[in-house]
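Commentary on secondary and tertiary structure
Take a look at the letters that make up each chain.
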Amino acid sequence: MSNELVNADFSRRVVIATDELPWVPSPQMGVERRPLDRIGGEVARYAPASSFPAHDHALGEEFLVLSGVFSDEHGDYPTGAYVRNPPRSRHTPRTAPGCTILVKLRQMPPSEQNRVVIDTTSAEWQQADAGLKTLTLYLAPDAAERVTLERLEAGAHLGEADCAGGEEIFVLSGDLADEHGLYRAGTWIRNPAGFRRDLQSKGGTTYWAKRGHLR
């Protein structure tokens, strides 16, 4: 990815149907990217039997495996795995069968220390509201940032809410809607701090959400 700015104004709302973006080759053969924002958000695709050189993450990395199996020297992460590597961590990514991941880079405070690995396919979801179940992936000690998977039942309507600290949503399956549009699987949404929206789903949906980090 070049040094060109990509959605770098975090005060602006952005909606991207990522499946309509072209894949951009990375410096490493076999690895392609669909950039979401310039400081380090992207969907990345690894070809079978590809790898990436060992590297550090000065301000951390988090990723959700969308398909295939992502691996490094610490383990194998199949579809549905959520991994959060803290600042100053280091690894050597690779994959045998190929994989696609949603990855966010350089967005963690230097004080964060703990590594997180969650198999979302076996973790226990909680009933959060009528028609809504959630699976917490990460909650900052000061509650300033929260990362979840959320599942809306068909016909569920959450009502208006204020995104006080901003939010990002990546639709994994089904249909998600608000008063601004309808979003299918593969859509990435970034709502700035203070944005107000009303989430609902006609047929049911599962999505990844990251909130509070855009203050």
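Residues numbered from 1 in each chain as written. Predicted model: local features only at pLDDT ≥ 70, side-chain atom pairs only at ≥ 80, totals over all residues. Heavy atoms only, no water.

Before going further, it helps to spend a moment on the overall build of the protein. Along the backbone of the protein there are zero helices and 20 strands. In terms of overall size, the protein behaves like a compact globule, its C-alpha atoms giving a radius of gyration of 17 Å where 215 residues would be expected to give roughly 17 Å. Looking at the protein residue by residue over its 215 residues, the buried ones come to 50%. Counted over contacts in the protein with a minimum sequence separation of 6, partners at least 24 positions apart contribute 64%. When the accessible surface of the protein is totalled, it reaches about 10,200 Å², and 52% of it is carbon and sulfur. Between the mean site of the 24 positive side-chain charges and the mean site of the 29 negative ones, the protein shows a separation of 2 Å. (Helix = DSSP H or I, 4+ residues; strand = E, 2+ residues; numbered from the N terminus. Rg over C-alpha atoms; globule rule 2.2 N^0.38 Å. Buried < 20%, exposed > 50% of the residue type's maximum accessible area, 1.4 Å probe, protein only. Contact = heavy atoms within 4.5 Å. Areas by Shrake-Rupley, 256 points an atom, 1.4 Å probe, with all protein chains shown as cover. Lys, Arg positive; Asp, Glu negative; His and termini not counted. Charge placed at Lys NZ, Arg CZ, Asp CG, Glu CD.)

With the rule as written, the count across this model stands at 14 salt bridges. Asp178 is paired through a salt bridge with Arg13; the nearest N and O atoms lie 3.1 Å apart. Residue Asp178 is found in strand E16 (residues 167–178), and its partner Arg13 is found in the segment before strand E1 (14–17); the two are separated by 165 residues along the sequence. Its relative accessible area of 28% is what places Arg13 among the partly exposed residues. (Salt bridge = Lys/Arg side-chain N within 4 Å of Asp/Glu carboxyl O.)

For strand E20 (residues 205–211), a buried count of six out of seven residues is recorded, marking the element as mostly surrounded by other parts of the structure. One ladder, built from seven bridges, connects strand E14 (residues 146–152) with E20; its direction is antiparallel. Along E20, the bridge assignment pairs Arg146 with Arg211. In this structure, E16 lies alongside E20, joined through seven bridges in antiparallel fashion. (Pairing = 2+ DSSP bridges.)

This part is about the confidence of the model for the protein. Averaged over all residues, the pLDDT of the protein equals 91, while 96% of them reach at least 70. Confidence, read as mean pLDDT per element, is least for strand E5 (residues 55–57) in the protein (77) and greatest for E14 (98). (pLDDT = per-residue confidence, 0-100.)

Our focus in this paragraph is the side chain of Glu62. Counting through the fold element by element, Glu62 comes out in strand E6 (residues 61–72). Exposure remark for Glu62: the relative accessible area of 3% places this residue in the buried category. A polar side-chain atom of Glu62 sits 3.3 Å from a polar atom in the side chain of Arg84. Other than its neighbours up to four places away in sequence, Glu62 contacts Tyr82, Val83, Arg84, Leu102, Val103, Lys104, Met108, Glu145, Val147, Trp208 and Lys210. (Polar contact = N/O pair within 3.5 Å; in protein donor to acceptor, adjacent residues only side chain to side chain.)

What follows concerns unusual backbone geometry. The phi angle at Arg88 is positive, at roughly 75°, despite the residue not being glycine. Relative to the helices and strands, Arg88 is located in the loop between strand E8 (81–85) and strand E9 (89–91). In the Ramachandran plot, Ala143 falls in the positive-phi region, its phi being about 65° despite a non-glycine side chain. If you trace the backbone, Ala143 turns up in the loop between strand E13 (132–139) and E14.

Let us now look at the packing of aromatic side chains. Here the structure, examined in full by the defined rule, presents four aromatic pairs. Here the aromatic rings of Phe63 and Phe70 are separated by 4.7 Å at their centres, their planes lie at 55°, and the arrangement is tilted. Neither Phe63 nor Phe70 differs from the other in exposure class; each is buried. One aromatic cluster is present, formed by Tyr46, Phe63, Phe70 and Tyr77 through successive ring pairs. The ring centre of Trp125 lies 3.9 Å from the NZ or CZ of Arg151, which sits over that ring. Geometry around Phe10 places Arg190 over its ring, the cationic atom sitting 4.3 Å from the centre. (Phe/Tyr/Trp six-rings, centres within 6.5 Å; stacked < 30°, edge-to-face > 60°. Lys NZ or Arg CZ within 6 Å of the ring centre and 35° of its normal.)

A word on the pairing of strand E17 (residues 181–184). One ladder, built from four bridges, connects E16 with E17; its direction is antiparallel. Note on E17: the bridge partner recorded for Ala177 is Leu182. Connecting the antiparallel pair E16 and E17 is a turn made up of two residues.

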